[in-house]
Amino acid sequence: MRYLMTTKPSETTPDERLYAEMGKFIEELTAAGVLLATGGLEPGGIVVTSAGEEITVTDGPFAEAKEAVAGFALIEVRSREEAIELARRFRRIVGDGESVVQQVFGP
């Protein structure tokens, strides 16, 4: 089962401890074959909206940047519970904030 774990920006400033712990976590998940991809996302982005035949493209940044996704990890695990446990471990490392875990369907 594949899951996409996303996280929103936080007020926490990363320090050396955070980088070290996150590096070990990523290394562990990569070695186990669980982590398929990970990365940070630009704060602005582009919104593409469709209404009937009209397609509108709007460049960011947007007023509610704190609601945007700041980073992601695509994982492959055996169960929903395992995905939740990895998200719990991630939150313990990075501290206060919010992450969303969603199952990815398809090939």
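Keep in mind the model is a prediction, meaning the values are calculated, not measured.

## What about the pattern of salt bridges?
And then number 1: Evaluation of the coordinates by the stated rule reveals five salt bridges.
And then number 2: The residue Glu-98 makes a salt bridge to Lys-8 at a minimum N-O spacing of 3.4 Å. Here Glu-98 is found in the loop between helix 2 (80-94) and strand 6 (99-104), whereas its partner Lys-8 is found in the loop between strand 1 (2-7) and helix 1 (16-31), with 90 residues between them in sequence.
And then number 3: Glu-98 sits in the partly exposed class, given a relative accessible area of 41%.
And then number 4: Put simply, Glu-82 and Arg-78 hold a salt bridge, and the shortest N to O gap is 3.7 Å.
And then number 5: For Arg-78, a relative accessible area of 72% gives the class exposed.

## Details of the sheet that holds strand 5 (residues 71-76)
And then number 1: Pairing is antiparallel across the open sheet formed by four strands, whose spatial order is 2-5-1-6. Because the sheet does not close on itself, it has two edges, and the strands there are strand 2 (35-40) and strand 6. Each strand axis lies, on average, 15° off the axis of its neighbour in the sheet, ignoring direction.
And then number 2: Sheet topology places strand 1 next to strand 5; six bridges connect them, and they run antiparallel. Counterpart to Arg-2 in the pairing with strand 5 is Glu-76.
And then number 3: Across the sheet, helix 2 is in contact with strand 1, strand 5 and strand 6; its angle to strand 1 comes to roughly 25°.

## Remarks on the side chain of Thr-7
And then number 1: Relative to the elements of secondary structure, Thr-7 occurs in strand 1.
And then number 2: With a relative accessible area of 16%, Thr-7 lands in the buried category.
And then number 3: A polar contact of 3.5 Å, which involves the side chain of Thr-7, links it to the side chain of Ser-99.

## What about the pairing of strand 1?
And then number 1: Counting buried positions over the six residues of strand 1 gives five, a clear majority of the element.
And then number 2: Alignment of strand 1 against strand 6, held across six bridges, turns out to be antiparallel. The partner of Tyr-3 across the bridge, within strand 6, is Gln-103.

## Considering the nonpolar core
Generally speaking, soluble globular proteins have nonpolar side chains that are buried together.
And then number 1: With 17 residues, the main nonpolar core has Phe-25, Ile-75, Val-77 and Leu-86 as its most contacted residues.
And then number 2: Breaking this core down by element, the ones donating at least two residues are strand 1, helix 1, strand 5 and helix 2.
And then number 3: A total of six residues in this core trace back to one element, the largest contributor, which is helix 2.
And then number 4: Setting aside residues up to four positions removed in sequence, Phe-25 forms contacts with Leu-86, Arg-89, Phe-90 and Ile-93.

Rules and cut-offs
- All residue numbers here refer to positions counted from 1 along the written sequence of the relevant chain.
- Totals for whole chains, interfaces and linings use every residue, but because this is a predicted model, local features are given only for residues with pLDDT of at least 70 and side-chain atom pairs only at 80 or more, for both listing and counting.
- Heavy atoms from the whole structure form the basis of all side-chain values; hydrogens and water molecules are not counted.
- When a carboxyl oxygen of Asp or Glu is within 4 Å of a side-chain nitrogen of Lys or Arg, the pair counts as a salt bridge.
- We count a stretch as a helix when DSSP gives it H or I for four or more residues in a row; a strand needs E for two or more, and each element gets its number in order from the N terminus.
- Note on classification: 1.4 Å probe, protein chains only; a residue is buried when its accessible area is under 20% of the maximum for its type, exposed when over 50%, partly exposed between these limits.
- Two strands pair if DSSP finds at least two bridges between them.
- An axis is simply a line fitted to the C-alpha atoms; with a helix, the fit covers only the stretch in contact. Between two such axes, the angle follows the N-to-C directions and lies from 0 to 180 degrees.
- Only heavy atoms matter for contacts: two residues are in contact if any of them lie within 4.5 Å across the pair.
- Two N or O atoms count as a polar contact when they lie within 3.5 Å, although within protein this holds only if one can serve as hydrogen donor and the other as acceptor, and sequence-adjacent residues are included solely when both atoms are side-chain atoms.
- For our purposes a nonpolar core is just a set of buried Ala, Val, Leu, Ile, Met, Phe, Trp, Tyr and Cys residues, chained together by side-chain atoms within 4.5 Å.

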